[in-house]
Amino acid sequence: MNIKINENFKNIKETYLFSDIAKRVNAYKAANPGADVIRLGIGDVTLPLAPAVVSAMTGAAAEMGSKETFRGYPPEYGHEFLREAVASHYSSMGVSVPSSSVFISDGAKSDIGNIVDILGDNEIIIPDPVYPVYVDSNLMSGHRITLVPGSSDNGFLPLPSSLKGTVSGAVIYICSPNNPTGAVYSAEGLTEWVSFALKTGSLIIFDAAYEAFITEDVPHTIYEIPGAGSCAIEVSSFSKFAGFTGTRCGWTIVPDGLEASGVKLSKLWARRQATKFNGVSYPVQRAAEAALSPEGLKQCRANIEYYRANASLIASLMRSKNIYFTGGTNSPYIWLRCPGNMSGWEFFDLLLNRYQIVGTPGEGFGESGNGYFRITSFGSREATEQACARLADL
Ligand code: MLT
């Protein structure tokens, strides 16, 4: 064909991290059909949806099957009942977010990937290692990226003070609790980022997808930090909190006060969504609303407790082996230093070939992930116990 393609795609890896891992695991399974492989790689939930969620979803599906209650296209930014429910969720965390700032979507990954549509060619600042979508989506748009390295020295919580040179009008991605490291910023750490953003006229894109796993006294939302309403967009999701990885629903908060070049970012995001997105189905939005109801929250939190107990099994194993790790307390992820100075991919191969366990190599999350490895607690209790038993002789 005589067309031009987006040449920026040449700057990203050919395969998305988790597709690459799935391909390798499938090849291993094909070569070893009898192998009992335990998958603790991608952070995909395994517990079924909470009963309150299922009941709301089936009720809404029944409404769709009746002439009187059938609904066509959903509103582009989400049904008002769900936008209100998300706004009340923020009130319960002690911050005020009007429902008009809540944009419902099919998940945090899409919103994080799509937000680049409304932003120009800014410097992009990303703590490393990090969820690959931040880097890939910006590379696809040809943006300049500055990585801020995380390490065992800063507990994988880099601060703006480690940035070199002058920053003006950058877009800064922060994920806390962090994927993949499970490390979580204190209020002081986030205050440093917010002050830096305000001082440099930058925008923070805050990924709160793992907020429900927080157990310690640290911020659950960036809006707990004074000034964040003037410099931060927050993206969050029902995937990990309510087990919606296969159901798909999330939200993005674009505060009314965010403005650049005389234009409100909320207006740009609304325009982008109205053009390229047709909303989340009614039964899923009712299900999401139910997840935020008192009964739904109780049931979803019980599921999170279950995963947390898995995380503590993995963490105990790491302690018993004297392996350095972060995460597991405020996060479903354990981020460990590979034993014997192995690279993440070497450790991946060892775990798969010797123990039939799948995890995620740290390199997949960026350069600073070299020599590290991520294990998720989203498996079943049986699988997690079995994995820990297999690793007893690691
Ligand atoms: C992960 O394993 O990092 C996540 O499950 C990926 C995602 O949320 O898209």
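Since the structure is predicted, the reported quantities are computational estimates derived from the model, not experimental observations. (Residues numbered from 1 in each chain as written. Predicted model: local features only at pLDDT ≥ 70, side-chain atom pairs only at ≥ 80, totals over all residues. Heavy atoms only, no water.)

(A) A look at the site of the ligand. Near the ligand, the surroundings consist of Phe18, Ile42, Gly43, Lys109, Tyr131, Asn179, Tyr210, Lys240, Tyr333 and Arg374. Measuring from an oxygen atom of the ligand, one finds a backbone N or O atom of Gly43 at 2.6 Å. One nitrogen or oxygen atom from the side chain of Asn179 is found 2.9 Å from an oxygen atom belonging to the ligand. In the complex, the protein chains occlude 85% of the 270 Å² of accessible area that the ligand would expose alone. Across the shell around the ligand, the residue classes tally to five nonpolar, two polar and three charged. A domain split of the shell around the ligand shows at least three residues from each of domain 1 (15-44 + 295-393) and domain 2 (51-293). (Near = heavy atom within 4 Å. Polar contact = N/O pair within 3.5 Å; in protein donor to acceptor, adjacent residues only side chain to side chain. Areas by Shrake-Rupley, 256 points an atom, 1.4 Å probe, with all protein chains shown as cover. Nonpolar A, V, L, I, M, F, W, Y, C, P; charged D, E, K, R; others polar. Domains from an automatic or database assignment.)

(B) Seen up close, the pairing of strand 15 (residues 372-376). Counting buried residues along strand 15, five of its five residues qualify, which places the element largely inside the surrounding structure. Here strand 15 shows two buried faces, one formed by Tyr372, Arg374 and Thr376 and the other by Phe373 and Ile375. Where strand 14 (residues 360-361) meets strand 15, two bridges bridge the pair, whose relative direction is antiparallel. In the strand pairing of strand 15, Pro361 is matched with Phe373. (Buried < 20%, exposed > 50% of the residue type's maximum accessible area, 1.4 Å probe, protein only. Helix = DSSP H or I, 4+ residues; strand = E, 2+ residues; numbered from the N terminus. Pairing = 2+ DSSP bridges.)

(C) Representation of the packing of aromatic side chains in the model. Evaluated as defined, the whole model comprises 24 aromatic pairs. Taken together, a centroid distance of 6.1 Å and an interplanar angle of 90 degrees make the contact between Trp193 and Phe196 edge-to-face. Placement of the pair is Trp193 and Phe196 together in helix 6 (residues 187-200), with a separation of three residues, close to one helical turn. The same class applies to Trp193 as to Phe196, namely buried. Centre to centre, the rings of Trp335 and Tyr372 are 5.5 Å apart; their planes meet at 0 degrees, and the pair counts as stacked. Residue Trp335 is located in strand 12 (residues 333-337), and its partner Tyr372 is located in strand 15; the two are separated by 37 residues in the primary sequence. The pair Trp335 / Tyr372 is uniform in exposure class, with both members buried. Put simply, the rings of Tyr16, Phe18, Phe156, Tyr324, Trp335, Phe365 and Tyr372 pair up and form one aromatic cluster. Over the ring of Phe103 we find Arg83; its NZ or CZ atom is 5.7 Å from the centre of that ring. Over the aromatic face of Phe81 sits the side chain of Arg286, whose NZ or CZ is 3.7 Å from the ring centroid. (Phe/Tyr/Trp six-rings, centres within 6.5 Å; stacked < 30°, edge-to-face > 60°. Lys NZ or Arg CZ within 6 Å of the ring centre and 35° of its normal.)

(D) Representation of the pattern of salt bridges. What the rule picks out here adds up to eleven salt bridges. Between Lys264 and Asp256 there is a salt bridge, with its nearest N and O atoms 3.7 Å apart. A relative accessible area of 47% places Asp256 in the partly exposed class. One salt bridge connects Lys298 with Glu295, and the closest N-O pair in it is separated by 3.9 Å. You can see Lys298 and its partner Glu295 sitting in helix 10 (residues 294-320), three residues apart, about one turn around the helix. Classification of Glu295 as partly exposed rests on a relative accessible area of 41%. (Salt bridge = Lys/Arg side-chain N within 4 Å of Asp/Glu carboxyl O.)

(E) Focus on the environment of Ala50. Turning to its location among the elements, Ala50 is positioned in the loop between strand 1 (38-39) and helix 2 (51-64). Between the alpha carbons of Ala50 and Ala170 there is a distance of 40 Å; along the sequence they are 120 residues apart. Filtering out sequence-adjacent residues up to four positions away, Ala50 remains in contact with Gln299 and Cys300. (Contact = heavy atoms within 4.5 Å.)

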